[in-house]
Amino acid sequence: MSFLDELNESQRAAVEYNDGAQLIVAGAGSGKTRVLTYKIAYLLTQGVSAGHILALTFTNKAAREMKQRICHLVGEDVARYIWMGTFHSICARILRKHAAAIGFTRDYTIYDASDQKSLVKKIIKDLKLDDKIYKPGTIIDRISTAKSAFVSPEEYAQSKQFAQADSVMNIGRMPQIYAEYDKRLHGSNAMDFDDLLMYTVILLQNNADIREQYQSWFWYVLVDEYQDTNRTQYLLVKLFAEPQNKVCVVGDDAQSIYSFRGATIENILGFQQAYADARLFKLERNYRSTQTIVNAANSLIYKNKAQIRKNVYSEKEVGDKVRVTGYDTDREESHAVAQQIVMLHNLEHRNYEDIAILYRTNAQSRSFEDEIRKRNIPYRIYGGLSFYGRKEIKDAIAYFRLVANERDNEALDRIINMPKRGIGDTTVDKLREAAAMAGQPILAVCREPERFAPLLQAGTRKKVQAFAQMIDELHTLMQEKDAYEYTQAVYERSGLMADAVTDYSPEGIDRRGNLEELLSAIHQFVTDRKAQDEDAHINDFLNEVSLLTDQDERLDDRTPRVTMMTVHAAKGLEFPVVFVVGLEENLFPSPFCETEKEMEEERRLLYVAITRAEQQCFITYANQRWKNGQPTFNAPSRFIRDIDPQYITRGSSVPTMMPPWIEQPRTPRTMMSHPTTRPTEQLRQATVTPPARPATLKAVKQLPKQPMPDAVISEWKEGDRIAHKVFGKGTVKCVYKENDNEKIDIVFDDKGKKTLLLTYAKLERI
DNA sequence: TGTCTCATTTTTTTT
DNA sequence: AAATGAGACA
């Protein structure tokens, strides 16, 4: 087999074995995708036909790339029949077909994070719980944890473990909330992301005929990134693979970084127990990075206890040492990184696309963005507001959703008064109540208000009815037209486009542009699907979009750009030059990890970050960082100490001030509202003993609001620093008055009218 | 009902 | 630094 010659010995062994269950432990950069693609190609040459292969990945992007590579090996006409996709998209596909078996219709909606949140908020309100204690975020997290562990509401109510964790958090009513949440989702003919997996397992468990149908259909099951699967996914894989157990999972326990989402590292560690005669293969040769980078990463991960020991090595050049540099402030850090990028580009002729900045939290991106833009360096930020996350796009999509699934109450909530129809919150509340009373979808109440909600005023009834009628008319159109024509009809009938067109503000023009972009994306979709002789219905589009992530967008753009993203988002990618920034205590590692186990996950996260680098790796930290409008002071991350010093060189941009190591007191939860603030000077002098906290500087949160006459503002402009920034609502002009330690933000709307005035104090001497 | 003003809060990572 | 929410008022 000629193409197998392109593999090394261990890769080839892994590809050629397919007698049964198989675990491939693939070190970073060891060609794991290559093995998977070649394995699939090999299976095809062995007579397994494409349609009988199921390959599950973590992201759409990974699926698409793998499919492309297989196309190169075996041709597109074969590759297109492989069942390749994310867990979620494969499940969504199966559930569409068998929706009735689990009590849904095939038009079910997939709720995204914001739908979940608003639903949970309503439940908390209806159950009359305190939203200070029952925070939507926490609740959603608990529900997701349960679903990831395949725990139903009933089982949740029985579970001592969940009950105990809830009582610690003082959220003892969780079982009721979970049950109610489940009920309302079902009532809305909707599922959240976790449901897609959970219901597929339920479907297969409860329906022997369907289960056997898939089990005999899938001859071979492959799973990528197995270290990031949760219990529900484990069950799912098992259900697909039984009874033959021709299953091949690939993963790296050292790169398991999604436990917060329910991933359990036990899946990969216990694979050989789960599949009795499973064979283990290891890929240990790293083809990506220099020896120094591999060694540095190894020395870091060596500090973790729970892991499959392996010996990842590189035979590339030794390469540069990892450069660790500390700065006084976060501003200096981003300034220096941007400057370094300029130098890399101009002096070492690095392409911008070869460079990435990786950080722990999305919030860190802003300062780098500012500095990089100042220097006119092209860049791209992943993970910010994605196109499909924009308000006007979500509104348009909410129309699609409601028309397709009239029970989708979250979509209705979004659009019933968008654009303005004079249907306010009070009316919607009444409608909701009437709907709950009658056991009807809210839209049904809108259709016949006199029957379900006679209390509404005549004028309101009319408005509500008109809305329902519009939706119903669109419903007819939806069935007649393709997605493109239908979208045009939606824009027109809903008044969305008219609303954007008459708005001449910069934001309005932007909104219109986005709506047009959506339309052209749908046009593209229709053309593509028709060329493939596939359906081009709006529901097909909706399906695809609701499972999209921000990393799946913007393929067209080929300008070389510096990449900025979180370390999580960088998993699976590689760059010649990588900056890992913000390596400080209380940031990286995150202040929220308390157990040693969580700390090990943070360490793995840094391992992932470092191993993204092919040739050069820079690590930076800042002694002072602005957080929530307040300065915070943190010691350099303990992880820097974990890396063997022989692979590190100290950066020299500022006087090296790595203090002799002090165990940074980790801010306990209860103290979070009073962040420790310590002046930089103190940090410099700190020796072995943890420094006391001399409060020579105090950050004053917010000055009392004071009227600020325009005259005063113009007076301040003279000689003061004035910054311009553009963000969501309007233009902000910040006026700093240094001597009085005050800063004023004046927010103007598009017409130059003053809309918001905030006064902040900077550091105040005591 | 909708807009404007002010006040409070903020736990990381994402399919 | 920014978003979200509550309350006042037109």
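Please refer to the structure higher up on the page.
This is a predicted model, so every value here is computed, not measured. (Residues numbered from 1 in each chain as written. Chains lettered and ligands numbered in written order. Predicted model: local features only at pLDDT ≥ 70, side-chain atom pairs only at ≥ 80, totals over all residues. Heavy atoms only, no water.)

(A) Quick look at the overall build of chain A. Helices and strands together make up the secondary structure of chain A, namely 33 helices and 24 strands. Here chain A holds 766 residues, and the buried ones make up 52% of them. Long-range pairs, those at least 24 residues apart, make up 74% of the contacts in chain A between residues at least 6 apart in sequence. Roughly 35,900 Å² of accessible area belongs to chain A as shown, and the carbon and sulfur atoms make up 50% of that amount. (Helix = DSSP H or I, 4+ residues; strand = E, 2+ residues; numbered from the N terminus. Buried < 20%, exposed > 50% of the residue type's maximum accessible area, 1.4 Å probe, protein only. Contact = heavy atoms within 4.5 Å. Areas by Shrake-Rupley, 256 points an atom, 1.4 Å probe, with all protein chains shown as cover.)

(B) Fine view of the packing of helix α7 (residues 136-148) against helix α11 (residues 193-206). In the contact formed by α7 and α11, the axes pass within 9 Å of each other and the chain directions differ by 25°. It follows that α7 is roughly parallel to α11 by the angle criterion. Relative to α11, the crossing made by α7 is left-handed. Residues Ser144, Lys147 and Ser148 of α7 lie in contact with α11, whose contacting residues are Asp194, Asp195 and Met198. (Axes fitted to C-alpha atoms, helices over the stretch in contact; angles between N-to-C directions. Parallel < 35°, antiparallel > 145°, perpendicular 65-115°, else oblique. Left-handed = near helix turned anticlockwise from the far one by under 90°.)

(C) Representation of the side chain of Arg401 in the model. Mapped onto the elements of the fold, Arg401 is located in helix α19 (residues 391-404). Residue classification places Arg401 among the buried positions, given a relative accessible area of 10%. Those residues within four positions of Arg401 in sequence are excluded, and the remaining contacts are Thr109, Ile110, Tyr111, Asp115, Asp408, Glu410, Ala411 and Leu542.

(D) Focus on the sheet that holds strand β8 (residues 279-283). Strand order across the open sheet formed by 6 strands is β3-β2-β6-β7-β1-β8, with parallel pairing between neighbours. Of all strands in the sheet, those bounded by a partner on one side alone are β3 (83-86) and β8. With strand direction ignored, the average angle separating the axes of adjacent strands in the sheet is 15°. The pairing of strand β6 (residues 220-223) with strand β7 (residues 247-251) spans 3 bridges and is classified as parallel. The residue of β7 that forms the bridge with Val221 is Val247. Across the face of the sheet, helix α3 (residues 60-74) comes into contact with β2 (53-57) and β3 while running at roughly 150° to β3. Against the sheet, helix α5 (residues 87-97) engages β2, β3 and β6, with an angle of about 115° to β3. (Pairing = 2+ DSSP bridges.)

(E) Layout of the state of the cysteines. The tally for this structure, following the rule as stated, stands at 0 disulfides. Cysteine Cys71 shares no disulfide, and the gap to the nearest cysteine sulfur, in Cys248, comes to 20 Å. Of the cysteine sulfurs around Cys91, a residue in no disulfide, the closest is that of Cys248, at 19 Å. (Disulfide = S-S within 2.5 Å.)

(F) Representation of the side chain of Arg142 within the structure. With respect to the helices and strands, the residue Arg142 is situated in helix α7. The residues touching Arg142, leaving out its near neighbours within four places in the chain, are Tyr156, Phe162, Ala165, Asp166, Met169, Ile171 and Met174.

(G) Spatial organisation of the nonpolar core. Counting residues in hydrophobic clusters, the biggest one holds 69 residues, and the most contacted among them are Leu196, Val221, Val247 and Phe271. Once residues lying within four places of it in the same chain are set aside, the contact partners of Val247 are Gly20, Ala21, Gln22, Val221, Val237, Ala241, Phe271 and Tyr275. In terms of nonpolar packing, the next biggest core, distinct from the first, is built from 55 residues, Phe452, Ala468, Phe525 and Leu542 among them. (Core = buried A, V, L, I, M, F, W, Y, C linked by side-chain atoms within 4.5 Å.)

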